[in-house]
Structures are given as structure tokens and as C-alpha cells.
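Now for the letters of each chain:
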Amino acid sequence: MAVDVILGTGRIDMVGLLLRTLSCGYRGVVSAREAPSGVSVHNLLVPLTSLVGRVGDLDRLGELLGRFRMVTVTGPGGSGKTRVAIETARSLSGRFEDGAWLVELAAVEDPAAVSSAVAAVLGVREQPGQSLTESRCDVISGRHLLIVLDKCEHLIEGVARLCETMLSAAPDVRILGTSREPLRIEGEARYPLAPLSVPTDGEDRLVAESEAVTLFIERARQVDPGFELTDLRAPVVARIVRRLDGMPLAIELAAVHVGALGVDQLEDGLQDRFRFLVSGSRTAPRRQQSLASAIDWSYQLLTDDQQQLLGRLSVFPAPFTLTAAQAIGGPAAVDITPALVDRSMLVAPREGSDGRSRFGMLESLRVYAAAKLVISGQAEETVVGMAAWALESAERAAARFDTTPAEERDAVLWFEAEYDNLRFALDWFLDHDPLAAIRLAVSIAPWWNRRGRATEGRAPLERALAACIQPPPSLAASAHRWLAVLLRRTSDKRSALAHATDAVDLLEPTGPSPLLVDALVCQSVLLRNLNDLDRADRLGRQALDIAQALGYATGLSEACAAIGFAALYAGDFVTAHNWALKAGDVDATLVTPIAHRNRNCLLAVSRQETGDIRGAETACRNGLALARAAGDVEMESWYLGMSAESYGASGRLVEACAYLGEAIDFATRIGDRMGLWQNLAHVVERFTPPARLEDAAVLLGASRALMEAIGDTNNMPLGHQQLAHIEHNLAALAPATRRRAELRGAALTIDAAVELARSLLAHATADATTPAQHELSKRELELVTLVAEGLTDDQIGHKLYISINTVHSHLDRIRDKTGCRRRVDLTRFAVDTGLV
């Protein structure tokens, strides 16, 4: 009788070797020591496609198998567990004297048949007086081999018992399993297989480096050999692999359509991914012939309670806390949610921006579970419960904005982490419950304001107000006031004033209140911006009187600042400074953090204008620290610009250029057009290289055009002395040349104007020769510390809320000052100077 053993190089007749093995009392396990020279014995089929992006996984699995005798690769369907396990076994087979063997369990339906499946692969036959399990244990007890058990999840109990038995009987056997959930046996090491890396949104230059994109390209070339990742295709492919969560099976199923559809139509087809992502392979296992089949294989193994909760959790478009899961799934969610993680239906909890752990769900699983939820008839009640949780949680979090700086910061981070979930609930309320939509939008508004997302917050507030019939006056007034604040941020000051006026009109009939004080202050600010300084002063004083009568400390501070800014715009700098001091006299423990930052703004500007440059620098340092601690990017942008002004006035040009560059980046990123035109003009005022006067005039033209476009006709924000400096700097230009240059500038796009400003700043920095050039600023020291802590440039930018270009500019200056050209040199510098 001829017996074949499947080898990596083909099939060979092993009759003689088998007979020798059987004569020694072993059944079917062929020893590599008795195999022909150089032959590694296994039944691992040769792959027909390349393995992409899993080198690190193979190495880590090899390390785990060196330390543990049982390792289980877990992950959702389509993550590539089988392929990774086989490749791991192939790479390690030479280390096992008796080879590596694959036992495929997908077709096995009865847990009791697992033992037979393993015995069949190993060639074990039941012996007289022994069970098959006992016979198998006898055969492998003296063998040194690796067994791969693939697709264990539907036979989990039987596989677990079998593995415990084999491991106890055979000390030199290692087992590598693949399963949607761990076996949970003693000594088992778990290896959750992560999806392939996907490009981060906005990092188009790094798309080609992504593992998921590499896999997409390789599989696309199987159907279209000429496929290339062009500049036009790269963003589309990046979006495709992100929507598919970096899951190999989904990417491969998508890539096969490239030849017929191209990437644009392929992306459109993902709107109905389960109908669209179907394999054309005639030989692929049924569970891998479509994305739906791969997920359904796992879903059918869940209990009814697990299936029901998975459907309910699909209403969260973003990671969610266990508390949120309980809100829609009831008390049982405490136990079921972690169980869904074990079964690879949820992503294990990760720490969010606020330090709280949140569970996640892959997008394809979410779409699948959402469809099941609709079929169950529970979709509407689940969404209602999720929206109610969002409203209650947001109102509770919003109350912390007006307490202590630490509480404010926590609130900012909570909204950061939950925003996608809150926005889903807000959109639902806008269609179903406008009153609740107003409440939720008003709760989110402080976060929109602090995080530079005014444009995004405007639309839902306007829509909710328009849809709601007779909301309570105080709620409507709050909505109008926040609309005024957000519209001012977008430089739509006249519309903002209309909303502030509506808020006051709604509140005045109800009598004095803190909210009325806030609305009057808002009116005063907008009138000041529109150069109606008398009315601005009058309304500020009206707010002050009401705040004093109510004992409303925050209102007192804000009203003093409003009056002081009106005086500042009128050119009465001493009076403005006095009002700043009066605002500071209010008990700081009773004033909201943002009111304290506003008062500090007035203090910084009034000190600057009265010639107290050092005092202005101190106020800017304090204000910048407060803004950063609170995560208030709007205020941070303002303080950066003001810091640049103060440092420039004292001749510290390197630091001033750095601050101004950051201020321009911030204003551009958050859409602060008022701050942007002021910062562009400031470049002309302080940082005009003599060799580039014409470029400076172009930038001035761009700044003025932006100022006029937003209706900001009052030049006070530049400072009266600043206007004189600009004229002095450009005096050497011929009038006709200057006019032509300013006209060219007026035609520039914002992006072009910003690039010109950066160029002038770089030139000014290179020309600066002050002693401060050889010292590191506080911000530069902070960057050196973060480099020493191992953060990448992108992570540094995210942590400090600055662009990647600004990070690069800072690091270039740091390298010039310190002579440290490499990151390791900067790390050594940080250690030597005691920064870390």
C-alpha cells in the first residue's frame, strides 16, 4: 500500500519510511530524523499569493511559541488568522524534528469529531483496548512537532479538552490555534491579530507605506497588471481601506473589482458592501466567498443575548464606554460586552482622549449588526435610548465647563472622545425632536467654541432653532447667544450681532439673570468689533450693573473686560488697563476659567499698548498656559499672535517668528479669519526683510483683502503703533510698485498668502542674530522633551495642537541652535540638560 505525505516540494512515496515507523509502534507520524536529507515533514500547502504586512506578527508568534506550548491567534473573520498561522508554522517547521502539521476544522461539525480530525492528519489509528484519544496520545508522546488547529471557534469545547489532553501527554508538542475566541485553557497564550495598518486621514504622502494599501495594490495587479497608485488614486484607495478597517479579506474582495470598475466606482460600491464584496473564486471556502459569509460564520456562534446586544451596540458610530453600553443594553451589558470582545466581535477597550476606556466595533461588523438590528424590530427604540444617553451625558459634562480649570479640561476631553456619538444623536434629534436638538447643541457649543469648530457648530444650532416651535425663552436665548459666539469666530459679525440681540430681547422681559448678563456682554463685544464703540461701552456697563446686583462674579469680570476693550479700541489705553485690573479684582475662585482667560487678554493688550512690554509678555505666558491647559485652541491662537507681538516689540525676533508661525498655522486650521488677517499684517509690521519689501507689500494686500471680506473695518486689532510701523517698513517702495504689489496680494488665495507669510518669517529668522538665537524657548524645550520621550513628529503635533509643518520648523531651529542633527542627539541633549 502506497501512502503519500504532503511536502512543501510535492508528494513522494514514503512506503518504506512508513513501514519502519509503524514497526516502532507509531501510527502515521513521520519523523524528520528518518526523512530524506533536507526534507521538512509537514502538510502545509504552498500559498498562491504573497503575504503582506505580517512580518512582525510572524516574529511575535514565533517568540510566543518558544515560551508557551499553546498559542491561540484570535480575531474577527477575514483578519487573516489562518494565513498568519500557516506562515508561522512554515517558518518554524525546521525547528521541530517531526515537522509542523495543519488540521483544518472548518468542515468538522461535531465537537466529538475533533479528535478524529487530528488523528486523520497525523495518521493515527485506534488501537485495540485504547480509545482514539489514547492512541493519539501514545503516538505523539515522544514526538517533537507543531500542530496548527485552524478554525476552532465552532468546536471550542471539544478543541479545548483535546488540547489539554495532548499537551499533558506530549511535553514536546506545541499547538498553534486560530479562533474567533480563546480556548481558555491553562497555559494558553492569546495573540489578538490586528488589522493591517491603514493611512491616517490627511496623510496622503504616507498612503503607499500603509500595509492595507500595499495589499490592495498587489491584489489589484492580479486583475489589472498595469494598476499604479497615482496621486489621484491614492486618496481614494486610502478611503477604501479605511472603510474596510484594514481587514485583509475585505480588501482582497474589493481589489478584484478594480479591473472592471476602477477605484472611484469601487468606493461607491462600498455603500452596499455585503452585496458588493463577493469573491469570484470557484475554490475559496464558502465562509471566505463573501464578506457577509465571513461575518455570519462568527455571528451564528453567538448566544441570543450576545446577538441582541451586538445589534444594539451598532448604533454607536464611534468607540463607547461600558456605561454607554449599559444605557442601551441594560445591566447585562456589563458581562456581555467583554464576552463580545473575547469572540472578536468588538475591539478590545482602549483609552480615549479623556482617559476612559472605550470599546470599538469594526465598520463592516457594525453595518452587519445594524442590519440585524433592523430585522429584529428594535432599531428605533435602541436609537432613542442612545440619543437619550447622549443628551443626558452631554448636559452633565457641559456643566463642568464653568467650574474649575481641571474640570473644564476634563469636559473638553470628554467631548473630544464622544463627539462622533454625540453628533449622531444630534442629527437624529434634528429629524425627530428639535427641542432636544437645541438642548444637545447648546451643551456641545462650548466645545465647538474652544476647539475651533465654529463653522461645524453653526448649522445644527440654526436648524434646531428654525424647526422648534416656541422653545422655552431661556433655552432659545442660550442657543442664540452661542450662535452669536460661533458666528463671531467665523467673522460673520453682523449675523452674530442679530443673534445676540435676539437673546437679549428674549431675556429682558423675564428680568435680570446671569444669562442676560452673558448676552449683553456678547452684544458689547460684537458692537466693538463693528466699531460702534459708544453702544459697546453702554451695554458693557448695563451688564456690569446687573451682574453687581445679582452677585454674579463671572458676569462682573466679563463686563469689566467688555468695557475695557471698548476703551482700548477707542485708543484710551490707560482706561483699558484700569478695567483689566478691575476684572482681575473679582474673586478668581468664583470666575469661570474662560472668563479669566478673557480678562487676561485685555491685560496683555493694554500693557502692550501702554509700553509695558515685559508685563505684556508675562500676561501672554500666563494666558497661553491657561489656554493650553484648557484645550482652548481659539484662545491659544490669539495668545500665540499676541506673544509674537510682545517678543517682536522687545527685539527677540527668533521667538517672535516661532510664535507667529504657530499663530498662523492655528488660525488657518481652525478657520479664524480675523486672527489670520491680523497675523499676516503682523508679519509685514515686524518681519519685513529689506530684500523682500515688495513681497511684504503683496502680503499686506492679502491681509487687507481678507479684512475687508469679513467686514472687519476697524483697524484697532492691529494696534495704532503697528500701522505706523508698517508704513515705515514699506516707505522705501515706490508708490506705484506698492500699489501693484498690494493688488496682487488682494488676488491671492488664503493658502498662497499663508505660504508667503511663512517664507518671509523663515527669511527673518535666518537673518536674526540676537543672543536669544542660541537659546531654546519654552516651546522649543517642550519639543525637545517630547522627542526624548519617543514621540514622532505627527504625535508631537497632535499633542501640542500644531501642524506638522510647524513641528518641522521648530525642530529645524532647535537643530540649528543646539547642533543636534539626529533625534538621538536631541535625546542625549535632553538627558544632559535635565529635561528628562
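Residues numbered from 1 in each chain as written. Predicted model: local features only at pLDDT ≥ 70, side-chain atom pairs only at ≥ 80, totals over all residues. Heavy atoms only, no water.

1. A few points about the packing of helix 18 (residues 405-432) against helix 19 (residues 434-450)
Relative to each other, helix 18 and helix 19 sit at 150°, their axes nearing to 9 Å. The two elements helix 18 and helix 19 meet at a crossing, and its hand is left-handed. Together, Glu408, Val412, Phe415, Glu416, Tyr419, Leu422, Ala425, Leu426, Phe429, Leu430 and His432 of helix 18 and Pro434, Ala436, Ala437, Leu440, Ala441, Ser443, Ile444, Trp447, Trp448 and Arg450 of helix 19 make up the contact between the two elements. Taken together, the residues of the contact of helix 18 with helix 19 break down into 16 nonpolar, 2 polar and 3 charged. (Axes fitted to C-alpha atoms, helices over the stretch in contact; angles between N-to-C directions. Helix = DSSP H or I, 4+ residues; strand = E, 2+ residues; numbered from the N terminus. Left-handed = near helix turned anticlockwise from the far one by under 90°. Contact = heavy atoms within 4.5 Å. Nonpolar A, V, L, I, M, F, W, Y, C, P; charged D, E, K, R; others polar.)

2. Brief notes about the packing of aromatic side chains
For the structure on display, the rule yields 11 aromatic pairs. Ring centres 5.6 Å apart and planes at 20° place the aromatic pair Phe401 and Phe415 in the stacked group. Here Phe415 lies in helix 18 and Phe401 lies in the loop between helix 17 (379-398) and helix 18, a separation of 14 residues in the sequence. You can call Phe415 buried: its relative accessible area is 0%. Seen in terms of ring centroids, Trp428 and Phe429 are 5.6 Å apart; in terms of plane orientation they differ by 65°. Their pairing is edge-to-face. Counting every residue linked through ring pairs, the aromatic cluster contains Phe316, Phe320, Phe359 and Trp389. The side chain of Arg481 reaches across the aromatic face of Trp482, ending 4.8 Å from its centre. (Phe/Tyr/Trp six-rings, centres within 6.5 Å; stacked < 30°, edge-to-face > 60°. Buried < 20%, exposed > 50% of the residue type's maximum accessible area, 1.4 Å probe, protein only. Lys NZ or Arg CZ within 6 Å of the ring centre and 35° of its normal.)

3. Describing the environment of Thr785
Tracing the sequence through the fold places Thr785 in helix 36 (residues 778-788). Between the alpha carbons of Thr785 and Phe829 there is a distance of 9.5 Å; along the sequence they are 44 residues apart.

4. Describing the nonpolar core
Ranked by size, the top nonpolar core spans 139 residues in total, and within it Phe216, Leu313 and Phe415 carry the most contacts. Ranked by residue count, the leading element in this core is helix 18, at 11 residues. Contact partners of Leu313, with chain neighbours within four places excluded, come to Phe320, Ala325, Ile328, Thr337, Leu340, Leu346 and Met361. Grouped together as the second largest cluster of nonpolar side chains are 78 residues, Ala696, Leu700, Ile802 and Cys820 included. (Core = buried A, V, L, I, M, F, W, Y, C linked by side-chain atoms within 4.5 Å.)

5. A short note on the pairing of strand 6 (residues 173-179)
Of all 7 residues that make up strand 6, 7 are buried, and the element is covered over most of its length. Going residue by residue along strand 6, you find Val173, Ile175, Gly177 and Ser179 tucked away on one face and Arg174, Leu176 and Thr178 tucked away on the opposite face as well. Looking at chain direction, strand 3 (residues 70-74) and strand 6 are connected through 5 bridges and run parallel. The partner of Val73 across the bridge, within strand 6, is Thr178. Pairing of strand 5 (residues 145-150) with strand 6 involves 5 bridges; the strand directions are parallel. Bridge pairing in strand 6 links Val148 to Leu176. (Pairing = 2+ DSSP bridges.)

6. Description of the sheet that holds strand 6
Spatially, the 5 strands line up as an open sheet ordered 4-5-6-3-7, and their pairing is parallel. Strand pairing shows two members of the sheet lacking a second neighbour, strand 4 (100-104) and strand 7 (188-192), which therefore form its edges. Shown here is a sheet whose adjacent strand axes are inclined to one another by a mean of 20°, direction ignored. As judged from the 5 bridges shared by strand 4 and strand 5, these two strands associate in the parallel manner. Opposite Ala100, over in strand 5, you have Leu146 as the bridge partner. Sheet contacts for helix 4 (residues 114-122): strand 4 and strand 5; angle to strand 4, the most-contacted strand, approximately 140°.

7. Focus on the state of the cysteines
Applying the stated criterion across every chain, the model contains 0 disulfides. Between Cys152, a cysteine without a disulfide, and Cys163, which holds the nearest cysteine sulfur, the sulfur-to-sulfur distance is 6.4 Å. (Disulfide = S-S within 2.5 Å.)

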